[in-house]
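Chain and residue survey
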Amino acid sequence: MEHSPAAAEKVFGERLELAERYVRHLATSGVERGLIGPRETDRLWDRHVLNCAVVAELVPDGANVVDVGSGAGLPGIPLALARPDLRIVLVEPLARRVDWLQEILDDLGLSLTVERGRAEENAIKRRWEGADVVTARAVAPLARLAGWSLPLLRDGGRLLAVKGASAAEEIERDAAEVHRLGGGAPSIERCGDGIVDPLSTVISVERETRPTGRSRKKRST
Ligand SMILES: C[S@@+](CC[C@H](N)C(=O)[O-])C[C@H]1O[C@@H](n2cnc3c(N)ncnc32)[C@H](O)[C@@H]1O
């Protein structure tokens, strides 16, 4: 496992030790229990932890965040370590991943909530709707992700989907469906200048304001 790069101190400040501890968990029990691939251990900082933490640049102060399909806690845990002002819930359907996440959060002393379930389930929607931000990385294609995430957001809230080289293509393919689902025009944001190279690519979609009852056309009687 690599040493923490200099950029990690910039991102995590006095929580650097906790970030290092998280990376150790990923490299050991995370690999043993199948949450992270064994070939990833040499690039945990750049490709996973820092790449996710820099999404913080797009998250407003004090936001309520739902991290959908959190897996090994990505991007939710690096985000929480970089931004203690956020309230974050990690949504993950697989029991063994949920168990690992809870163990790691307990060990790090982080008070994030772990919720077992699928983002599209009614129980999850009832409990977590009204979020300011939904984050997701490597969970589903944009349109499907928008279908799961937009109902969890307040009007004006944002889906931040960490994507790779496919971002522009996904937007081209899915923008019309995202609009039908109640999302605004997706944009591509790049984060992490001076921290990660290449920069992290994020698709950002705002949940559009739904019409209120009053503005709907009156039914004729
Ligand atoms: C490829 S992993 C990515 C995990 C993590 N976000 C990352 O970037 O390393 C996809 C994760 O999404 C979860 N997932 C799949 N369908 C989901 C759904 N409908 N709602 C929430 N999570 C889901 C899976 O269980 C899995 O942990």
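Model, not experiment: these values are computed from the prediction.

In the region of the ligand, 16 residues are neighbours, and G69, L74, E92, R97 and R137 sit closest. One of the side-chain N or O atoms of E92 is found 2.6 Å from an oxygen atom in the ligand. Interatomic distance of 2.9 Å between a backbone N/O atom of A119 and a nitrogen atom of the ligand.

What follows is about the pattern of salt bridges. Within the structure shown, the criterion is met by 14 salt bridges. As a salt-bridge pair, D61 and R83 come within 3.8 Å of each other at their nearest N and O atoms. Placement of D61 in the loop between helix 3 (44–53) and strand 1 (64–68) and of R83 in the loop between helix 4 (76–82) and strand 2 (87–92) is noted, with a sequence separation of 22 residues between them. Residue class for D61 comes out exposed when judged on its relative accessible area of 72%. The salt bridge partner of R158 is E206, with a shortest N-O separation of 3.1 Å. Pair noted here: R158 is in strand 5 (residues 153–163) and E206 is in strand 7 (residues 200–206), with a separation of 48 residues, a long-range link. For R158, a relative accessible area of 30% puts it in the partly exposed group. For E206, a relative accessible area of 34% corresponds to the partly exposed category. Beyond isolated ion pairs, a larger network of salt bridges with shared partners links K163, E170, R173 and D174.

With respect to the helices and strands, K163 occurs in strand 5. Those residues within four positions of K163 in sequence are excluded, and the remaining contacts are A140, P141, L142, E170, T201 and I203.

This part takes up the sheet that holds strand 3 (residues 113–116). With respect to topology, seven strands assemble into an open sheet ordered 3-2-1-4-5-7-6, the strand pairing being mixed. In the strand order of this sheet, the two ends are held by strand 3 and strand 6 (187–191), each with one partner. With strand direction ignored, the average angle separating the axes of adjacent strands in the sheet is 25°. Judged from the six bridges that link them, strand 4 (residues 131–137) and strand 5 form a sheet pairing that is parallel. Pairing of A136 across the sheet is with A161, part of strand 5.

For the rest of this paragraph, the subject is the pairing of strand 4. With seven of seven residues buried, strand 4 lies mostly within the body of the structure. When strand 1 meets strand 4, the two strands line up parallel, connected through four bridges. When the sheet's bridge partners are listed, V65 is paired in strand 4 with V133. Once the chain exits strand 4 it traverses helix 7 (residues 142–149) before rejoining the sheet at strand 5, and the crossover so formed is right-handed.

When you line up the elements, S187 lands in strand 6. Overall, the relative accessible area of 25% leaves S187 in the partly exposed class. Along the backbone, S187 and R96 are 91 residues apart, and their C-alpha atoms lie at a distance of 34 Å. Polar contacts involving the side chain of S187 include one to the side chain of E189, which spans 2.9 Å.

Cut-off values and rules
Residues numbered from 1 in each chain as written. Predicted model: local features only at pLDDT ≥ 70, side-chain atom pairs only at ≥ 80, totals over all residues. Heavy atoms only, no water. Near = heavy atom within 4 Å. Polar contact = N/O pair within 3.5 Å; in protein donor to acceptor, adjacent residues only side chain to side chain. Salt bridge = Lys/Arg side-chain N within 4 Å of Asp/Glu carboxyl O. Helix = DSSP H or I, 4+ residues; strand = E, 2+ residues; numbered from the N terminus. Buried < 20%, exposed > 50% of the residue type's maximum accessible area, 1.4 Å probe, protein only. Contact = heavy atoms within 4.5 Å. Pairing = 2+ DSSP bridges. Axes fitted to C-alpha atoms, helices over the stretch in contact; angles between N-to-C directions. Right-handed = clockwise from strand over helix to strand, strands pointing away.

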